Amino acid sequence: MMIADLILREHHLSTLQAELLRADGKEHAAYVIFGISRIGADPFTHQPRLRVMVKDVFAVNDDEIKSSDHQHISWSTERFVQLLARAEREGLQLGIAHSHPAGPTHFSAQDDANEAELIRLSQNRNGADAILPSLLFAGEGFAAGRVWLSPTSFINLGSARTVSSSWRTISFDQEGSVENRALARQDLALGPEFNQAMRHLRVGVVGAGGTGSPLLQQIARMGAGYIAIFDPDYVEHSNLNRLYGATMMDADQGNKKVDVARREIDRMGLGTSVATFDAWIGSPACRDALKSMDLIFGCTDDHDGRSLLNRLAYYYLIPVIDIGLALRVTERHGLTCLEADGRATVLEPGCACLLCRRIVDAGVAAEEALRRNDPVEYERRKVEAYVRGEGNPSPAVISFTTSVATMAVEEMIQRMNRFRGVDGDIANRVRKFNMAEDFRPGAKKEPCRVCGSDRVHGIGDVQPFLGRAG
Ligand SMILES: [Zn+2]
Ligand SMILES: [Zn+2]
C-alpha cells in the first residue's frame, strides 16, 4: 500500500495557521504549491511512497470567496487555474488547504466532492501525473491531510514534519504511545514526545566508520525506530582503534562496515529496523532510501558524497547534520603538537551550505567523481600531477571521533526538544580540542544558488537528480 507524508518549513506552517485559523471563526482557504518526491520502494516497508513538500502558500483573498461561514466555504477557481499553469511550468504540484475552525477534524463529504472536482481540473490541464495535496486545519492546528491521485482515489498523509530550526512531527495515525522500559530514563530527561518522535523518525547515517559508528551506537540506544546505513567499505585492521563493535576477526575476514553496524544494533534488542546499503550514496541503488529519510547524519570523508548530501538537504527538505574531524601532527619550535578540530554542521533552508562554508571543495569532489567513474583517466592525471591523489592516512583517536559524533546528536536533540532554548541552535560548531573550546565560524556573505535561493528549497524530484550533471 502506498503511504504519503508531508514536510514543511516552520514559517509555512505558521503562515497556514495564521491564514486559516483567524479570529473571525470562519472557514478560510489557501492555495499551496508543492514539490514532490516519488519513492519506488521505502527501504523499511519496501512499499512505494509519496512525499510532498510545501514550497509556497497563497491565501484565498476575500474577493475570491463567494460565500463563507463557520462550516463552509466556496470560492472562485480562477486563480487555481492560473497557479496550475505556474505549477506545470516549474515542475511542481498545486494543492489546497482549508480550515474547519469549529470542527470536524476530518474531511467532510462536501470536501470530498469539491476536491474531486479540483483534481479533475488539475489532470485535465496538467496531465494524468498531476496530484492534488489537500491539508485540513481545525481547532488548534494541523488536523489531517491527503493526496488525491485521481478524481476517485486519494491517500491519507501519515504525518507532517517541520524543518528549518524546529523539527517537529505531527502524526495523523491514531496510535497510542508504547511504554518502553529501555527509554524510561531518557523520558525523564527529554519527555515522552521525544521518545515518540524518535520511534517514527527514519534516520540515515552515511558512513559507518570512525564518526559514524559512535553515532549509530547513540541513536539506536536513543530509540530510533528506523536506521538506514550507507557505507561501501570493509573493516580494516587500522579501523579497530575506533570502530565500535568491530573485532579483529571482522578485520581478518574483511567484513563490511554496514554488516558490523547492523550486528551491533540488532544485538541491543531495542526493536530498531535497520536497512543497509554497501554502495556509494550517489549510486542509483541508494536513491529511494536517501529520499525516504527524515534526517541524515553525514559521517563521510569524501567531498563528492558530502556535496550530494548538501543538495539533498535543500532539494528535499531532509535536514543533514554533517560532521568532520581533522587531526594534524605538527612541529612547533622542535615540539610535536597534535591539533584536533571537530565540526558539526546543520544543512537545511535557513542555514548556509557546505560550499558556502568552504567545507566542501568542489575541485576535490570532481576528482573523486573522476576516480569513481573513469579510473583510467584518473590514474593518468595523477601521474601528470593534475589531480591531488589520495594522500597519506590521517591520524585518528577514538575519543575525538566519539566527541564529534556526540556534537551532532546534541544538535538533533536541540532541534527536537529545545533543551538550549529557542535561540540555542548552532548551525556550525567547531571544537578545537587542543584549546578545549568551541567556535561558531560563519559563511560567505553571498550565498550560493542551492542554500541561498528559495527556488530549489523543497523542489523535490528534478531531472537530473538534484540538478547534478553526470
Ligand atoms: Zn471542509
Ligand atoms: Zn550555499
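Before reading on, note that the structure itself is shown above.
This structure is a prediction, so every number in the text was calculated from the model and none was measured.

Moving on, we come to the sheet that holds strand β12 (residues 226-230). Pairing within the open sheet is mixed, and its 8 strands lie in the order β13-β12-β11-β14-β15-β16-β17-β18. Both edges of this open sheet fall to β13 (273-277) and β18 (437-439), since each of them pairs with a single strand only. Taken over all neighbouring pairs, the strand axes of this sheet differ in orientation by 15° on average, direction set aside. For strand β17 (residues 428-432) and β18, the ladder comprises 3 bridges, and the chain directions are antiparallel. Within β18, the position partnered with Val430 by the bridge is Phe439.

Here the zinc ion (ligand 1) is held by the protein donor atoms His98 (NE2), His100 (NE2), Asp111 (OD) and Asp111 (OD), which lie 2.0 to 2.3 Å from it. Around the zinc ion (ligand 1), the 4 donor atoms are arranged such that angles at the metal cover 58 to 149°; this shape is classified as irregular.

It is worth spelling out the pattern of salt bridges at this point. Applying the stated criterion across every chain yields a total of 39 salt bridges. Between Arg22 and Glu19 there is a salt bridge, and its shortest N-O distance comes to 3.1 Å. A salt bridge links Glu411 to Arg415; the nearest nitrogen and oxygen atoms lie 3.3 Å apart. Of this pair, Glu411 and Arg415 are both found in helix α13 (residues 398-417), 4 residues apart, which corresponds to roughly one turn of the helix.

Let us look at the side chain of Ser134. Examined against the element boundaries, Ser134 turns out to sit in strand β7 (residues 132-138). Of the polar contacts made by the side chain of Ser134, one reaches the side chain of Glu115; its length is 2.8 Å.

Bringing the coordination of the zinc ion (ligand 2) into the picture now. Protein ligation of the zinc ion (ligand 2) involves Cys353 (SG), Cys356 (SG), Cys448 (SG) and Cys451 (SG), the donor distances falling in the range 2.3 to 2.4 Å. Here the zinc ion (ligand 2) binds 4 donor atoms, and the angle range of 103 to 117° at the metal identifies the geometry as tetrahedral. In primary sequence terms, the donor set of the zinc ion (ligand 2) follows C-x2-C-x91-C-x2-C. Residue Cys356 is found in the loop between β16 (335-347) and α11 (362-373), and its partner Cys451 is found in the segment after β18; the two are separated by 95 residues along the sequence. Given a relative accessible area of 2%, Cys356 falls into the buried group.

For the rest of this paragraph, the subject is helix α2 (residues 78-90). End to end, α2 covers 19 Å across 13 residues, agreeing with the expected 18 Å (1.5 Å per residue, within 8%). Those residues of α2 that fall on the buried side of the exposure criterion are Arg79, Phe80, Leu83, Leu84, Arg86 and Ala87. The buried side chains of α2 occupy one side of the element, clustering within an arc of 165° when seen end-on. With respect to the buried face of α2, the exposed residues turned more than 90 degrees away are Glu78 and Arg89. Contact partners of the buried residues in α2: β2 (29-39), β3 (49-59), β6 (93-100), α3 (109-126) and β7. Of the residues flanking the end of α2, it is Gly91, one or two places downstream, whose phi is positive at about 70°.

Here the focus is the packing of aromatic side chains. All told, the structure shown has 8 aromatic pairs when counted by the stated rule. Between the aromatic rings of Phe137 and Phe142, the centroid separation amounts to 4.6 Å while the plane-to-plane angle is 15°, which identifies the pairing as stacked. Overall, Phe137 belongs to the buried group, its relative accessible area being 0%. With relative accessibility at 12%, the residue Phe142 sits in the buried group.

The rules behind these values
Residues numbered from 1 in each chain as written. Chains lettered and ligands numbered in written order. Predicted model: local features only at pLDDT ≥ 70, side-chain atom pairs only at ≥ 80, totals over all residues. Heavy atoms only, no water. Pairing = 2+ DSSP bridges. Helix = DSSP H or I, 4+ residues; strand = E, 2+ residues; numbered from the N terminus. Axes fitted to C-alpha atoms, helices over the stretch in contact; angles between N-to-C directions. Donors = N, O, S within 2.8 Å, 3.2 Å for Na, K, Ca; no water. Tetrahedral: all angles 85-135°; square planar, octahedral: opposite > 155°, others 65-115°. Salt bridge = Lys/Arg side-chain N within 4 Å of Asp/Glu carboxyl O. Polar contact = N/O pair within 3.5 Å; in protein donor to acceptor, adjacent residues only side chain to side chain. Buried < 20%, exposed > 50% of the residue type's maximum accessible area, 1.4 Å probe, protein only. Expected span 1.5 Å × (residues − 1). Arc of directions from axis to C-beta. Contact = heavy atoms within 4.5 Å. Phe/Tyr/Trp six-rings, centres within 6.5 Å; stacked < 30°, edge-to-face > 60°.

Keep in mind these numbers describe shape, not what the thing actually does.
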